[in-house]
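# Structural overview
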Amino acid sequence: MAVVSEPGKEMYALVERLYPLCRSITGDGVRATLDIVGEYLPLQVHEVPTGTPVLDWTVPREWNIRDAYVADAAGDRVIDFAASNLHVLGYSVPVAATMPLAELRAHLHTLPDQPTLVPYRTSYYAPTWGFCLAQETLDALPEGDYEVRVDSTLEDGHLTYAEHVIPGQVPDEVIVSCHVCHPSLANDNLAGIAVATFLARALAERDPYYTYRFIYAPGTIGAITWLARNAERIDRVRHGLVLACAGDSGSLTYKRSRRGDAEIDRVLEHVLSTSQRPHEIREFTPYGYDERQYCSPGFDLGVGSLTRTPYAGYPEYHTSADNLDLVSPDAMADTLAVCREAFAVLDRNRRYRNLSPYGEPQLGRRGLYDALGGRSDTRQAQMAMLWVLSLSDGEHGLLDVAERAGLPFDTVAAAADALRNAGLITT
Ligand code: ZN
C-alpha cells in the first residue's frame, strides 16, 4: 500500500472542502473559494468592477446563483442544481417558466457518447439559460410540461482574484498561476489550487532568492485582468508556471513556454528527466490554460504549464466524472514534489564569474579538498568544483554546468557555494 504523505492528505482535504462550491468566472463561489484558501495562506483579494476594460476585454457582469431545477408535473425535480452544480449552464440568466419537453430540449446539454455523465458547460458571453444532464436521464423523461426555474442574478458587480506573495532576496518574480472558475470539478481546477497553496507554504519555509507571486484567478478573463493591472511592472516577472490538472493518476506533462527555451522550460525538463519519472514534454500551443495569456506575444513571459494528464486529455475532462475519485493524495503530492524540486533548481541557478581564471586555482590551499573529506561522493564533488570553475565565465549558469558535466544539480550548487565562500567565484 502506498504511504500517503501528509501534504498529500492535506491537499486532498482542501480539494474536498472546495469541491461543493459553485464557482464561475465571477461571483460568491470564487470568494468562498478564496476565503478557504485564505485559511492556509494570507491572500490579497482584488475586486475589479464590472465594465472595467482589461486589455482587449471587459470585466463582465457578476453571476450568482441560489437554486435551479427542472420539475415534472408531479413537482419532482428531475434536474436539480442542489444535487450537483454542474446541472446548470454556467452564467445562466434567470428563468421561471413552464414548457413542454420539446421546447425545453433546446436548453438541455448532454454527452451522448458518455450517457451516464453530466457535462460541464458555460455561456459567459452569450446570455442564455440551460441545464446539463446525463443522456440517460434525458432519455427517461416523458413528454409533457416541465417547470423550469433558474434563480440567478447577472448584474453589475466584480471579478474577484487573489494573490499571495513570498518576498525574495530580489524583486525579480516567479509567478505561479491557477484557475479558480470551475464548479465541482476536482482535477481541472481544485487539484491545481491545492498544489499551488501547499507549494507556497513550502517556499515560505526557506528564504527564496526570487519573489514568488501566486495568482488565483478565473481562467482567461482573470489572467487577462491580472495582466492588464500589472502590465507596467511585467518586466519583473522572470519565470512562471501555470498549474492545472494536478491530481489525476496520469504521468506529468510539461508544456513549454512560447519561447520554448526559457529557463523555466530547461529547469522542468531537467528535473523531470533526472527524477526518473515517466513524463512528457510538449511544445507550446496557444491553447490550454492561462499560459496562452502570459505567453501572448506582447508579454511573451517565460511561463510554462505543468499538468498530469494534459488539458482535455482524459475522458472525465469537463464532466461529472472529474470528481473526488479522479484525484488522489499521492498524485498531488507527486506534483508538489516536482514543483518544489524545480523551484529549488530555478532559485539556485545563478551565473558566476571565476575570479581566478588563469590556470586552475589551488583548491587544497583553500581547504576545499579537506572540506569534502570523508564524503562518499568526494570525487563527484571535486569534479563539480572543477566544472563550476571552468564554466563560470558569466555566460553559463549552474544548470548549464549540471547538464554539461552530467552531475546532479544539487552537487553542482553545493560546489558553487563552497567556491563562493572561498572567494573564487562571484555573481
Ligand atoms: Zn477546464
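The present account deals with the structure reproduced in this document. (Residues numbered from 1 in each chain as written. Predicted model: local features only at pLDDT ≥ 70, side-chain atom pairs only at ≥ 80, totals over all residues. Heavy atoms only, no water.)

## Notes on the coordination of the zinc ion
Condition: Only nitrogen, oxygen and sulfur atoms qualify as donors, and only when within 2.8 Å of the metal (3.2 Å in the case of Na, K and Ca); with water excluded, sites may look incomplete. Whether a residue is buried, partly exposed or exposed follows from its accessible area with a 1.4 Å probe, protein chains only, as a fraction of its type maximum: under 20%, in between, or over 50%, in that order.
Surrounding the zinc ion are the protein donor atoms His-182 (NE2), Asp-188 (OD) and His-318 (NE2), which sit 2.0 to 2.1 Å from the metal. The sequence pattern describing where the donors of the zinc ion fall on their chain is H-x5-D-x129-H. Comparing His-182 with Asp-188, the two get one shared label, buried.

## Topic: empty space enclosed by the protein
As a reminder of what qualifies: The distinction between a cavity and a pocket rests on a 1 Å grid over the protein atoms alone: a 1.4 Å probe fits inside a cavity but cannot get out, while a pocket stays open yet meets protein on both sides within 12 Å along at least five of seven lines, and a residue with an atom within 4 Å of a point counts as lining. Grid points are joined across faces, edges and corners, and a volume is the space filled by probe spheres set on the points. Each residue gets one label: Ala, Val, Leu, Ile, Met, Phe, Trp, Tyr, Cys and Pro are nonpolar, Asp, Glu, Lys and Arg are charged, and the others, such as Gly, are polar. Domain extents, as shown, originate in an automatic or database domain assignment.
The full count for this structure, using the stated rule, is one cavity of 30 Å³ or more. Estimated volume of the largest cavity: approximately 50 Å³. Every residue along the wall of the largest cavity is listed here: Cys-22, Arg-23, Ser-24, Trp-63, Asn-85, Val-88, Gly-90, Tyr-120, Arg-121, Thr-122, Cys-181 and Pro-183. When its residues are assigned to classes, the lining of the largest cavity shows six nonpolar, four polar and two charged. Each of two domains, domain 1 (6-60 + 158-348) and domain 2 (73-155), supplies a minimum of three residues to the lining of the largest cavity.

## Looking at helix H7 (residues 263-274)
The line we're drawing: Runs of H or I in DSSP of at least four residues are treated as helices and runs of E of at least two as strands, each being numbered from the N terminus. Multiplying 1.5 Å by the helix residue count minus one yields the expected span of that helix.
Between the first and last C-alpha of H7 there are 16 Å, a value that for twelve residues agrees with the 16 Å anticipated at 1.5 Å per step. Just downstream of H7, Gln-276 is the residue with a positive phi angle, here 65°.

## Thoughts on unusual backbone geometry
Across residues other than glycine, the phi torsion is negative in most instances, and most of the peptide bonds are trans. Phi at Tyr-91 is positive, roughly 75°, even though this residue is not glycine. Positioned with a positive phi, Asp-300 is a non-glycine residue whose angle comes to about 50°. By secondary structure assignment, the location of Asp-300 is in the loop between helix H8 (291-294) and strand E16 (303-307). Overall, Asp-300 belongs to the partly exposed group, its relative accessible area being 23%.

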